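Letter by letter, the chains look like this.
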Amino acid sequence: MEIVFEIVNRTGRTLERHKASGSRLSIGRAFDNELILSDETVSPHHAALEVDAHGDTVLVDLGSLNGVRNERHERINGATRLRSGEQYSFGRARVRIYHRDHPMADTVRIGGMDGLINRLGSAPLLTVILSLVVTVAITEQWLNTYTEVRWQEMGIGLFGVLAVGALIATFWAIVGRIVKHEGRFRTQLGLVMTYLLLQSAIVAGYEWLVFNTLNVAFSAGLSLLASFVLLTGVLWISLHIATNQPSTQRWKIAVSIASILLCISLYPAWLEQTAFSESPNYIKKVKPPAARFARGTSVEQFLDNAGGVFAATAHGDP
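This text gives an overview of the structure that appears in the document.

1. Here we look at the sheet that holds strand E9 (residues 86-90)
- One open sheet accounts for five strands, arranged E2-E1-E10-E9-E7; its pairing is antiparallel. The open sheet has two free edges, formed respectively by strand E2 (14-21) and strand E7 (68-69), since each of these has just one partner strand.
- Where strand E1 (residues 2-8) meets strand E10 (residues 93-99), six bridges bridge the pair, whose relative direction is antiparallel. Directly across from Val-4, in E10, lies its bridge partner Tyr-98.

2. Focus on the environment of His-46
- Here His-46 is to be found in the loop between strand E4 (35-36) and strand E5 (47-51).
- Using a relative accessible area of 0% as the deciding quantity, one classes His-46 as buried.
- As for His-46 and Asp-61, which are separated by 15 residues in sequence, their C-alpha atoms are 6.4 Å apart.
- Ignoring sequence-local partners within four residues, the contact set of His-46 consists of Ile-27, Gly-28, Thr-41, Val-60, Asp-61, Leu-62, Ser-64, Gly-67, Val-68, Phe-90 and Gly-91.
- In this structure the side chain of His-46 is engaged in a polar contact, spanning 3.0 Å, whose partner is the backbone nitrogen of Ser-43.

3. Some thoughts on the sheet that holds strand E6 (residues 57-61)
- A sheet is described by the order of its strands in space; here five strands give the open sequence E4-E3-E5-E6-E8, paired in mixed fashion. Among the strands making up the open sheet, the edge pair consists of E4 and strand E8 (79-81).
- Here four bridges tie strand E3 (residues 24-28) to E5, and the two strands are oriented antiparallel to one another. Its bridge partner being in E5, Ser-26 is matched across the sheet by Ala-48.

4. Observations concerning the pairing of E1
- Burial analysis of E1 places six of its seven residues in the buried class, the great majority of the element.
- Summarising the sheet, E1 and E2 pair through seven bridges and their orientation is antiparallel. Note on E2: the bridge partner recorded for Val-4 is Lys-19.
- Once E1 ends, the chain turns through five residues before running back antiparallel as E2, passing Gly-12 with a positive phi of about 90°.

5. Digging into the nonpolar core
- Counting residues in each nonpolar core, the largest one holds 24 residues, and the members touching the most others are Trp-172, Leu-191, Leu-235 and Ile-237.
- Listing elements by their share of this core, those giving two or more residues are helix H1 (112-120), helix H2 (123-143), helix H3 (151-179), helix H4 (185-213), helix H5 (216-242) and helix H6 (247-272).
- The greatest single-element share of this core, amounting to nine residues, is contributed by H5.
- Contacts of Leu-235, omitting those with residues within four sequence positions, involve Trp-172, Ala-254, Ile-257 and Ala-258.
- Formed by 20 residues, the second largest nonpolar core is a distinct cluster that contains Ala-20, Leu-25, Val-42 and Leu-82.

6. Let's talk about the packing of aromatic side chains
- A complete count under the given rule lists two aromatic pairs for this structure.
- Centroid distance Phe-171 to Trp-172: 5.2 Å. Interplanar angle 70°. Geometry classified as edge-to-face.
- According to the relative accessible area criterion, Phe-171 is partly exposed, its value standing at 48%.
- Seen in terms of ring centroids, Trp-236 and Trp-251 are 5.3 Å apart; in terms of plane orientation they differ by 25°. Their pairing is stacked. You can see Trp-236 sitting in helix H5 and its partner Trp-251 sitting in helix H6, a full 15 residues away along the chain.

Rules used in this analysis
Residues numbered from 1 in each chain as written. Predicted model: local features only at pLDDT ≥ 70, side-chain atom pairs only at ≥ 80, totals over all residues. Heavy atoms only, no water. Pairing = 2+ DSSP bridges. Helix = DSSP H or I, 4+ residues; strand = E, 2+ residues; numbered from the N terminus. Buried < 20%, exposed > 50% of the residue type's maximum accessible area, 1.4 Å probe, protein only. Contact = heavy atoms within 4.5 Å. Polar contact = N/O pair within 3.5 Å; in protein donor to acceptor, adjacent residues only side chain to side chain. Core = buried A, V, L, I, M, F, W, Y, C linked by side-chain atoms within 4.5 Å. Phe/Tyr/Trp six-rings, centres within 6.5 Å; stacked < 30°, edge-to-face > 60°.

Rendered as structure tokens:
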């Protein structure tokens, strides 16, 4: 018989892979085993794979101290038929065992998404993205300031934006280092900064919609939907870079995290409705006339209309 052993960690990720053949394959901590496991909870001769009288491969516990357990945490007593692809525990050591002819998963094609992700970590593109983030952050602070510009405060705000982005990228890099043994900090940083740029565009779009439609509820709902889709997509890509999760699982995790984060972000906005603000409420709503997509009323027409209203009011007309 020919057997493939995969030594896995607690999350099921493969650490090592070995192939062995023979009529009997022993598993244990001693050096004369076909599969040597170094964990101290593994007995010197813990278990063995043998071929029974029917030609089936069976897993036999050789009287080990801590026993052999299957994926259902059931202890194996004596001999049990090997199920190809199942994970078994030998003490604390976890091993997934396959027959040689075990079916393989389909090969994953490298798509355009992977190429775009790889470019995010390149030094030239990352430099451009960071420059755009700095420009947009300074411009937004300048436009939202109606008093004297304080460059020190703007510098602190810019540092805060970059620091938060770096911390988020560091978190995902640590996850990637643990799970896939590659951090890819620059790629994660480029992704986070790209998200900040796109989120700034969504906020600008919300303000533009409010200015043109005067419908705050519609504008807020549309911007929240766009923010949710953007955040979900960025989280999915971060998980794609840092973990080996299947695509469907990544979508589930991304949607859950995005929902929680958006709900948390709405709470401070709700508090601001009743809180005192040092800046006028209209500071983000007033835009230059060129920002309107519909032609407005001229000054002369406005005065004529207003004059008619005043005249009707003076004569007591409803």
